Amino acid sequence: MDIVIEDKIEATPEWSAAVLGANKLMETQIAKYAPRVSAAWDLVWVRDQFPGFRLRVSQDDATAEAQFTLAELKNGPRLRDQLHWLGGDLLQNLSHRQMARLRDTVQQLEGD
């Protein structure tokens, strides 16, 4: 799994530790269903006051994303559920893309 973490996150030990812990959990929740997944973590600000962490996961031409607070990243059971849902979103988007490609192929074959 390719993972990119924004420098601002890595520069803050507490944030970096929380994101690295989430990465380990993500590998068990998402990578087993989408083995070629890549992930990117970005820092976002919630209501311009609190740090938030956006995780964008991608495989092929499908993407899904979620945002987390620092407290959510530290709450293992809740984080596991959120990553599971994010993985489901990615798989659904992958499925939609594959169905669209299949539909296009069938239309091309019918047109020939």
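The paragraphs below set out a description of the structure included in this document. The model shown is predicted, which means the values in this text are computed figures rather than measured ones. (Residues numbered from 1 in each chain as written. Predicted model: local features only at pLDDT ≥ 70, side-chain atom pairs only at ≥ 80, totals over all residues. Heavy atoms only, no water.)

**What about helix H4 (residues 76-111)?**
Next up, step 1: When the terminal C-alpha atoms of H4 are compared, their 52 Å separation across 36 residues agrees well with the 52 Å that a helix rising 1.5 Å per residue should span.
Next up, step 2: Taken residue by residue, H4 has Leu79, Gln82, Leu83, Leu86, Gly87, Leu90 and Leu94 as its buried positions.
Next up, step 3: Next to the buried residues of H4 lie helix H2 (13-29), strand E3 (50-59), strand E4 (62-69) and helix H3 (70-74). (Helix = DSSP H or I, 4+ residues; strand = E, 2+ residues; numbered from the N terminus. Expected span 1.5 Å × (residues − 1). Buried < 20%, exposed > 50% of the residue type's maximum accessible area, 1.4 Å probe, protein only. Contact = heavy atoms within 4.5 Å.)

**Comments concerning the packing of aromatic side chains**
Next up, step 1: Across all of its chains, the model carries three aromatic pairs by this definition.
Next up, step 2: Between tryptophan 15 and phenylalanine 53, the ring centres sit 5.7 Å apart and the planes meet at 75°, which makes this aromatic pair edge-to-face. With tryptophan 15 in helix H2 and phenylalanine 53 in strand E3, this residue pair connects regions lying 38 residues apart in the sequence.
Next up, step 3: Look at tryptophan 15 and you get buried, because its relative accessible area is 13%.
Next up, step 4: Measuring from centroid to centroid gives 6.0 Å for tryptophan 41 and phenylalanine 68, while their planes differ by 45°, and the two rings are tilted. (Phe/Tyr/Trp six-rings, centres within 6.5 Å; stacked < 30°, edge-to-face > 60°.)

**Digging into unusual backbone geometry**
A negative phi angle is the norm for most residues apart from glycine, just as the trans form is the norm for most peptide bonds.
Next up, step 1: Residues other than glycine seldom take positive phi values, yet aspartate 60 does so here, at roughly 55°.
Next up, step 2: Take aspartate 60: it is sitting in the loop between E3 and E4.
Next up, step 3: With a relative accessible area of 53%, aspartate 60 lands in the exposed category.

**Points about the packing of H2 against H4**
Next up, step 1: In the contact formed by H2 and H4, the axes pass within 9 Å of each other and the chain directions differ by 50°. Taken as axis vectors, H2 and H4 run oblique relative to one another. Handedness of the H2/H4 crossing: right-handed. Note on element contacts: H4 touches H2 through Gly76, Leu79, Arg80, Leu83 and His84, opposite Ala22, Leu25, Met26 and Gln29.
Next up, step 2: When the residues that make up the contact of H2 with H4 are grouped by side-chain class, the tally is five nonpolar, three polar and one charged. (Axes fitted to C-alpha atoms, helices over the stretch in contact; angles between N-to-C directions. Parallel < 35°, antiparallel > 145°, perpendicular 65-115°, else oblique. Left-handed = near helix turned anticlockwise from the far one by under 90°. Nonpolar A, V, L, I, M, F, W, Y, C, P; charged D, E, K, R; others polar.)

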